[in-house]
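# Close look at the chain arrangement
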Amino acid sequence: MRVAILTDIHANLAALEAVLAHAESLQALDGIWSMGDLVGYGPDPSGCLGRLRQYGLHAVAGNHDLAAVGEIDTRAFNPAAAAASAWTARVLSDAERAFLRDLPHTALLDELTLVHGSLRDPVWEYMITVESAQVQFEGMTTQYSLVGHTHVPLILEERPGQDPDYHVLHADEIVQLDATRLILNPGSVGQPRDGDPRTAYAVYDGDDRTLTFYRLEYDIERTQASMEAAGLPASLIKRLAYGR
Ligand code: ZN
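Residues numbered from 1 in each chain as written. Predicted model: local features only at pLDDT ≥ 70, side-chain atom pairs only at ≥ 80, totals over all residues. Heavy atoms only, no water.

What follows covers the environment of Ala171. Here Ala171 is to be found in the loop between β8 (165–168) and β9 (174–176). Between the C-alpha atoms of Ala171 and Tyr201, which are 30 residues apart in sequence, the distance is 9.4 Å. (Helix = DSSP H or I, 4+ residues; strand = E, 2+ residues; numbered from the N terminus.)

Structure, rendered in C-alpha cells:
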C-alpha cells in the first residue's frame, strides 16, 4: 500500500496538483491521508476538495476546516485568517460544508494515528514542545502518529527516560518505521512556514514500512494570482513566496 500524506493543503490547488503529479510519477497511489486544514487561506477550496476526494481520502478536521463551516469562532483567528475563513465559507457548496463538518478529529489508519494538532487537543495544540510530545506519546495506541497544524516538517522520536529527540525533516529524507515510536509532521502542502516556500508532503509505504518526505517547486504565482482575483488578504498572498 502506498499513500500520499498531505496536511495543511489550505485550498492551494497549484501546490496540490504538483504534489499529486509527483507522487503518481513515482508509483500509483492507493489513497490520500490528511491531517486536516484542507481549506482556509487559499483560493480554491472546492477544486482541492474535488481532487482529494478522487483518491479515497481519509482526513481529520483542522481548525480552518471547522472555522469555514461555523464550528469554530473565527475571533480566535488573526484578522487575515478570519477574512479568508469568511471568504471560504461563502464559496463552499452545501455538500462540501457537510463533508467538512463530518470529518473526524482523530483517525487510526494501519499503524498510524492521524490528528491535526495533538491527541490532547486535536484541533488547536501545536506539537512544538517536549511536553506536548511526551503527552502525545503517552496517549498514542499506535507506534506512530502523524500531525499537522504547525506547517513545519518535523520528526520527534520517543526516548524512554529522556526527552524526545527531534529534527526538522529534510527533502528526500526516508524514515524507516521500526521499533522507535515517532510523531511525524510532513509539513504543509499549501502554506509552508519553515522559510522554504516549496510545497511539502510525504509518501507512506506500508509494505516497505517507510515514510519519505519531499519538497517540490510549484507555481506559486498561479496561486497568488487566484488569491488576488478572489480578493484574499495581501499578507496571505505575499507569505507564500517566502515560506512564512
Ligand atoms: Zn494549517
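Before going further, it helps to spend a moment on the coordination of the zinc ion. Protein coordination at the zinc ion: the donors are Asp8 (OD), His10 (NE2), Asp37 (OD) and His151 (NE2), at 2.1 to 2.2 Å from the metal. Classification of the site at the zinc ion as irregular follows from its four donor atoms and the range of 87 to 177° in their angles at the metal. Positions of the donor residues of the zinc ion, expressed as sequence spacing, correspond to D-x1-H-x26-D-x113-H. Placement of the pair is Asp8 in the loop between β1 (2–6) and α1 (13–26) and Asp37 in the loop between β2 (31–34) and α2 (45–53), with a sequence separation of 29 residues. Just as Asp8 is buried, Asp37 falls in that class too. (Donors = N, O, S within 2.8 Å, 3.2 Å for Na, K, Ca; no water. Tetrahedral: all angles 85-135°; square planar, octahedral: opposite > 155°, others 65-115°. Buried < 20%, exposed > 50% of the residue type's maximum accessible area, 1.4 Å probe, protein only.)

For β1, a buried count of five out of five residues is recorded, marking the element as mostly surrounded by other parts of the structure. Of the two faces of β1, the one carrying Arg2, Ala4 and Leu6 and the one carrying Val3 and Ile5 are both buried. Bridge count between β1 and strand β11 (residues 199–205): four bridges; the pairing is antiparallel. Looking at the pairing, Ala4 lines up with Val203 of β11. Of the pairings in the sheet, the one linking β1 to β2 comprises four bridges and is parallel in character. The residue of β2 that forms the bridge with Val3 is Gly31. Of the crossover connections in this fold, the one passing from β1 over α1 to the parallel β2 is right-handed. (Pairing = 2+ DSSP bridges. Right-handed = clockwise from strand over helix to strand, strands pointing away.)

Attention now goes to unusual backbone geometry. A negative phi angle is the norm for most residues apart from glycine, just as the trans form is the norm for most peptide bonds. For His151, which is not glycine, the phi torsion reads 65° and is therefore positive. For His151, the location among the structural elements is in the loop between β6 (144–146) and β7 (154–157). The buried category is assigned to His151, whose relative accessible area is 2%. With a phi close to 55°, Arg209 is a non-glycine residue in the positive phi region. Along the chain, Arg209 falls in the loop between β11 and β12 (210–216).

On to the side chain of His64, then. Along the polypeptide, His64 turns up in helix α3 (residues 63–68). Apart from the residues within four sequence positions on either side, His64 is in contact with His10, Asp37, Val39, Gly40, Tyr41, Phe77 and Ala81. (Contact = heavy atoms within 4.5 Å.)

The six strands are arranged β3-β2-β1-β11-β12-β9 in an open sheet whose pairing can be described as mixed. Among the strands making up the open sheet, the edge pair consists of β3 (57–59) and β9. Pairs of neighbouring strands in the sheet enclose a mean axial angle of 20°, with direction left out of account. The pairing of β11 with β12 spans seven bridges and is classified as antiparallel. By the bridge assignment, Asp205 is partnered in β12 with Thr210. The strands that α1 touches are β1, β2, β11 and β12; relative to β11, the one it contacts most, it runs at about 35°. (Axes fitted to C-alpha atoms, helices over the stretch in contact; angles between N-to-C directions.)

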